[in-house]
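# Observations on the three-dimensional arrangement
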Amino acid sequence: MLTERFVKQGMNAEDARYAARRQFGALTQIQEQIRERRSVPLFDELRQDAKLALRQLRKAPRFTAIAVSVLALGAGANTAMFSVIDGVLLRSLPYPQAEQLVWVGEVLKGNTADEVTLTPNFLDWRRQNHVFTAMAAFNYRPRTLMEGEAIQLRTVKASAALLPILKVQPLIGRSFLTSEDQKGHDQVAILSYGLWQQSFGGAKEIVGRTITLDDGTYDVVGILPPDFHFPGQQPIDLMTPLGKNEELELTRGDGTTTIVRDVVARLKPGVTLEQARAEMEIIESRLAPPAFFKGGQMTVRVLSLHDRFVGNIRPALLAILWAVGFLLLMACANVANLLLSRAVSRQREFAIRAALGASRRRIAQQLLVESLVLAALSCVSGVLLAFWMRSLLAVPETIPGFTTLPLDFRVLGFAVAIACASAVAFGLGPSLAGASAAISPALVSDGRSLSLGGHRRFWLNLLASAQMAIAIVLLTGGGLMLQSFWKLRYHDLGFVTDRLLTARLNLSGVRYANPAKQIAFLDALLDDIRSLPGVEGIAAGNLPPGDGHATNGFGIEGRALAPQGRRPVARQYSVSPEYFRLLGIPLLQGRGIVDSDNADALPVALISQTFARINFAGENPIGKRIRSERNDPWRTIAGVVGDVKTAGMASAPEPVIYFPYRQTGAMGGDAGILIRTAFDPASIGPELRKRISQIDRQQPVVDIQTMDHRLTESVAKPRLAAVFLGSFAALGLLLAAVGIYGVMSFLVRWRFREIGIRLAVGARPRDVTRMILTHSLKLILAGVAAGVCCALYLGRLIQKLLYGVSSTDPLTFGLAIGFLVLIGLAASYLPARQASQIDPMATLRSE
């Protein structure tokens with residue numbers, strides 16, 4: 001139409017056509033405008049930017065591989081740890097309305113016992129409270145199943161209300177009746193699904209039949225569901241009723257018993273945990289102590305059942321989460337360095353785009369989309385890495401229902417969120433830097449002589465120092481945890497661990513009620529095993545390091561017996577004569593236990609160094625007499641031996657009294673066996689089991705393991721934290737070295753002209769090397785200073801996880817700082833050496 005109009009005005013056809021096109025404008029631009037009106041402009045731009053980003057990343061495979069690998073490492077570690085946090089801290093326990101379940105227990109003041117709940121107090125709680133729908137108690141008890149081959153079981157004596165409180169119905173049969181909680185009516189049992197399948201072949205006829213345990217016969221009344229998780233610290237094989245004489249217990253006389261630690265209750269609808277805690281404290285204040293407990297003080301604790309299980313491991317998990325968060329920050333800083341370097345090297349490209357009409361917003365958007373594409377690729381790789389890392393993570397077995405690490409939509413959603421946040425964190429700065437490139441200098445440059453702007457150099461230096469600061473935090477945290485674990489596992493144990501095999505025997509029950517039978521069994525076993533080839537020694541006694549705390553009182557001749565709640569307590573063990581020699585426990589004073597210390601000899605005992613220090617300060621204990629509560633005769637102290645950790649690896653040695661087993665039997669029925677061999681101790685395990693079966697075919701053997709394995713298991717949680725924090729510290733150190741190397745290489749590259757001129761006017765290569773290393777050292781020291789301040793502040797978060805070392809340990813900080821400075825300078829030496837070898841004439845000719 002315009003052409004025709006111009007022709008009518010007197011132009012020829014060709015001039016009219018060119019005039020019309022000039023007035024009409026660029027056809028391509030009009031087409032794009034129409035296309036934008038017909039579609040969503042932003043989505044179209046993002047689609048185009050994504051396609052361009054993939055082409056750009058495909059053209060730089062080395063850069064893409066490094067960036068994706070670094071980000072995948074950080075994202076994968078965070079995703080794996082989130083799966084643990086999600087499974088342990090965020091998910092509820094596997095019971096209906098689990099948020100209403102609480103744990104209630106008593107703590108004895110003036111004693112070293114952790115939690116000991118008196119049975120009459122539990123009965124009064126159950127009767128007087130107005131905040132719980134019901135309360136139930138349970139005690140763990142190891143017992144032996146006498147059905148064919150003897151099998152050691154983990155069993156509990158539990159209130160009839162326990163399963164209703166958990167809202168669990170047996171798969172087959174019924175729950176306990178309230179009347180069966182009474183002593184004399186408690187000879188019934190409920191089997192776990194696993195025991196039912198393994199020992200009875202899943203036969204439904206077992207319900208209604210009688211089984212034999214070591215303390216009598218029981219009628220099976222039910223089978224637990226396969227997905228049932230017992231609300232205690234370990235799974236169980238069988239349940240029997242609590243079996244208390246409630247009428248006698250409520251008199252609070254000398255026959256008062258205890259529920260070791262566990263009472264479970266369900267809150268009434270609308271009742272809060274704080275209200276329940278307040279009412280229980282009021283009830284506890286009104287309860288009179290038992291007759292034998294005058295002067296003792298008990299306090300009540302009320303926790304949510306979830307907090308009861310996760311409280312001990314929450315600090316370790318949060319510390320590891322902080323560590324992987326720092327690792328992700330280092331990964332982001334590394335990739336930001338790469339992207340910033342890449343953005344500077346592409347200044348000419350961005351200047352051409354800007355000259356052709358691209359706005360700064362579009363250039364920044366394009367670079368940010370490249371970062372998002374990188375994040376998406378790293379997200380996929382990180383999820384695969386997290387899936388692989390799940391097999392390396394130890395699953396806490398003490399949390400009901402937590403048997404596998406979840407990897408569901410919650411975890412995948414977290415991985416996507418981490419990827420998006422990382423893209424913004426490492427991509428925003430380089431995107432703005434690329435978009436703000438000056439057009440004219442870039443267009444007239446050949447791409448090699450661009451000067452690095454001051455603000456870009458500032459950001460590069462800042463990122464490098466930030467990585468150093470984070471590396472210091474990770475190094476000090478990992479170093480403190482590793483040092484703590486080393487002291488916990490190997491330092492001041494009090495005994496020798498090499499080539500030792502251990503086993504536990506349960507000599508309780510009807511068959512071994514008489515101590516003489518226990519002594520006869522142990523005599524026969526020790527004599528039999530001692531004759532095996534390669535056995536250098538065998539002993540019976542306590543298996544260190546133990547757990548819990550001392551609760552057994554004692555009396556000293558000539559001293560008034562303190563009230564029960566204030567009575568001194570000590571560990572009390574029965575041991576064989578070779579026990580101290582086998583474990584390498586030194587005899588400090590007097591004599592040891594000998595073979596002649598039997599039932600016909602003078603009753604004697606040995607005491608530990610801590611026992612002597614606490615109870616006989618400034619006195620000679622040899623010849624003094626002591627008496628235990630469960631072993632009434634007065635016993636003469638014959639010797640003093642060295643301390644041994646008996647309350648766990650993290651606890652200081654407690655006072656201990658050792659009795660000759662030939663005078664007492666296996667006290668409590670729990671006998672430990674220790675064997676030292678001339679070869680691998682694990683190889684003798686099958687023979688030990690065989691010899692025990694020959695002596696008593698109904699005697700099961702449990703926990704046959706080497707002493708080293710036993711000790712490693714006892715520190716599983718601190719070992720997990722130490723390994724993770726140490727691994728993250730090593731990865732952080734690697735990322736910091738890569739980061740400082742990348743920054744210095746980039747700075748050297750963009751200072752080629754300056755360095756060439758310096759060399760041309762007389763600078764020596766070592767002067768250039770010194771200049772680069774000095775600049776690198778400034779970055780390292782700035783990061784170290786900031787990192788030390790952060791580490792001192794954050795060290796308070798892991799103080800509770802440390803053993804034998806302070807969170808401000810100067811040795812750990814000094815080693816971490818020195819090591820990081822050396823690694824940083826080593827990473828900077830290669831760029832410095834490269835700079836010193838620049839040919840000044842070639843540089844000047846290229847300019």
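The paragraphs below set out a description of the structure included in this document. (Residues numbered from 1 in each chain as written. Predicted model: local features only at pLDDT ≥ 70, side-chain atom pairs only at ≥ 80, totals over all residues. Heavy atoms only, no water.)

Our next topic: the packing of helix α24 (residues 716-749) against helix α26 (residues 765-794). Direction vectors running N to C along α24 and α26 enclose 140 degrees, while the axes themselves pass 11 Å from each other. The pairing of α24 with α26 is recorded here as oblique in orientation. α26 is crossed by α24, and the crossing has right-handed handedness. Residues Ile740, Val743, Met744, Leu747 and Val748 of α24 pack against Ile772, His775, Ser776, Leu779 and Ile780 of α26. Grouping the amino acids of the contact of α24 with α26 by side-chain chemistry returns eight nonpolar, two polar and no charged. (Axes fitted to C-alpha atoms, helices over the stretch in contact; angles between N-to-C directions. Helix = DSSP H or I, 4+ residues; strand = E, 2+ residues; numbered from the N terminus. Parallel < 35°, antiparallel > 145°, perpendicular 65-115°, else oblique. Left-handed = near helix turned anticlockwise from the far one by under 90°. Contact = heavy atoms within 4.5 Å. Nonpolar A, V, L, I, M, F, W, Y, C, P; charged D, E, K, R; others polar.)

Here we come to a positive patch on the surface. Together, Lys51, Arg55, Arg58 and Lys59 line one region of the surface with positive charge. Considering the arrangement of structural elements, one finds arginine 58 in helix α4 (residues 41-59). Judged by relative accessible area, arginine 58 falls into the exposed class, the value being 60%. (Patch = residues over 30% accessible without salt bridge, like charges linked within 9 Å, V, L, I, M, F, W, Y side chains within 5 Å. Areas by Shrake-Rupley, 256 points an atom, 1.4 Å probe, with all protein chains shown as cover. Salt bridge = Lys/Arg side-chain N within 4 Å of Asp/Glu carboxyl O. Lys, Arg positive; Asp, Glu negative; His and termini not counted. Charge placed at Lys NZ, Arg CZ, Asp CG, Glu CD. Buried < 20%, exposed > 50% of the residue type's maximum accessible area, 1.4 Å probe, protein only.)

Generally, phi is negative for residues other than glycine and the peptide bonds are trans, each holding for most cases. In this model, proline 544 is joined to proline 545 through a cis peptide bond whose omega is 5 degrees. Along the chain, proline 545 turns up in the loop between β14 (535-541) and β15 (554-556). We note that lysine 167 has phi near 60 degrees; this positive angle belongs to a residue other than glycine. In this model, arginine 499 sits at a positive phi of 55 degrees, which is unusual for a non-glycine residue.

Here we come to the environment of alanine 77. Along the chain, the position of alanine 77 falls in helix α5 (residues 61-90). We classify alanine 77 as buried; its relative accessible area is 3%. Sequence separation between alanine 77 and glycine 382 is 305 residues, and the spatial gap between their C-alpha atoms is 7.6 Å. Not counting residues within four places of it along the chain, the set of residues in contact with alanine 77 comprises Val324, Leu327, Met389 and Phe728.

This part covers the sheet that holds β14. Here we have four strands laid out as an open sheet, ordered β14-β22-β13-β23, and antiparallel in their pairing. Edge strands, defined here as strands with exactly one partner in the open sheet, are β14 and β23 (701-706). Across the sheet, the axes of successive neighbouring strands diverge by a mean angle of 15 degrees, strand direction being ignored. Two strands pair when backbone bridges link them, and strand β13 (residues 500-506) and strand β22 (residues 670-677) are joined in this way by seven bridges, in the antiparallel orientation. Each residue of the ladder has a partner; that of alanine 503, found in β22, is isoleucine 673. Here helix α22 (residues 685-695) sits on the sheet in contact with β13, β22 and β23, set at roughly 155 degrees to β23. (Pairing = 2+ DSSP bridges.)

Among the 10 residues that make up helix α6 (residues 119-128), seven are buried, leaving the element largely enclosed by the rest of the structure. Within α6 the residues assigned to the buried category are Thr119, Pro120, Asn121, Phe122, Leu123, Asp124 and Trp125.

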